[in-house]
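Geometric and topological summary
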Amino acid sequence: MAKKYTGQCACRAVRFEFDTDPDFIAVCHCLDCKRASGGEAATWFGVPAEDFTVLTGEPKPYHYVADSGGKLDRNFCPNCGSRVFTSNLDNFPGQVFVQLGSLDHPEMITPKLEMFVKRRLPWVKPLGLPEFSDMPY
Ligand SMILES: [Zn+2]
Ligand SMILES: [Zn+2]
């Protein structure tokens, strides 16, 4: 039986699932999320790595050092290039950060905060959520 949440990359080669109802769900306006996503912000959330299962495909990790100095792996589909999830985060051990837009039912998860609002562009309306200038913690 499938887990509660399922998702996939744009070409459907990479498919994944997890059961955890996420608690940390962020709209992040940092420059890094802008570049990696190609949009003004990226929406992502944390789930425990042990609950996160890749069902099909072989996402390729891009090893990366964030502005904070923390290392992480951005995992993307080598076929279509979709960014799907982030793992091996120095600063969040045991957590995988999943890109909301890759869910089959993204309406099931609602953001709880906005972060790096110092990088939010002037034409973006605040969402009315708790805001953090940079990292929330
Ligand atoms: Zn793909
Ligand atoms: Zn970010």
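About the thresholds
- Residues numbered from 1 in each chain as written.
- Chains lettered and ligands numbered in written order.
- Predicted model: local features only at pLDDT ≥ 70, side-chain atom pairs only at ≥ 80, totals over all residues.
- Heavy atoms only, no water.
- Salt bridge = Lys/Arg side-chain N within 4 Å of Asp/Glu carboxyl O.
- Helix = DSSP H or I, 4+ residues; strand = E, 2+ residues; numbered from the N terminus.
- Buried < 20%, exposed > 50% of the residue type's maximum accessible area, 1.4 Å probe, protein only.
- Donors = N, O, S within 2.8 Å, 3.2 Å for Na, K, Ca; no water.
- Tetrahedral: all angles 85-135°; square planar, octahedral: opposite > 155°, others 65-115°.

If you check an unreviewed UniProt entry, the protein appears there as GFA family protein from Paracraurococcus lichenis.

**Overview of the pattern of salt bridges**
Scanning the entire structure with this criterion turns up eight salt bridges. Across the pair Lys112 and Asp23 runs a salt bridge, and its minimum N-O distance is 3.3 Å. Residue Lys112 is located in the loop between β9 (95-99) and β10 (113-115), and its partner Asp23 is located in the loop between β2 (15-18) and β3 (25-28); the two are separated by 89 residues in the primary sequence. Residue Asp23 is classed as exposed on the basis of its relative accessible area, which comes to 59%. The network of salt bridges with shared partners includes Glu114, Arg120 and Glu131.

**A short note on the coordination of the zinc ion (ligand 1)**
The coordination sphere of the zinc ion (ligand 1) contains the protein donors Cys9 (SG), Cys11 (SG), Cys77 (SG) and Cys80 (SG), at a distance range of 2.3 Å. Metal-centred angles of 106 to 113° between the four donor atoms at the zinc ion (ligand 1) mark the site as tetrahedral. Along the chain, the residues donating to the zinc ion (ligand 1) are arranged with the sequence spacing C-x1-C-x65-C-x2-C. Here Cys9, found in the loop between β1 (5-8) and β2, pairs with Cys77, found in the loop between β7 (71-76) and β8 (83-87); they are 68 residues apart in sequence, far enough to count as distant. Residue Cys9 shares its accessibility class with Cys77, and that shared class is buried.

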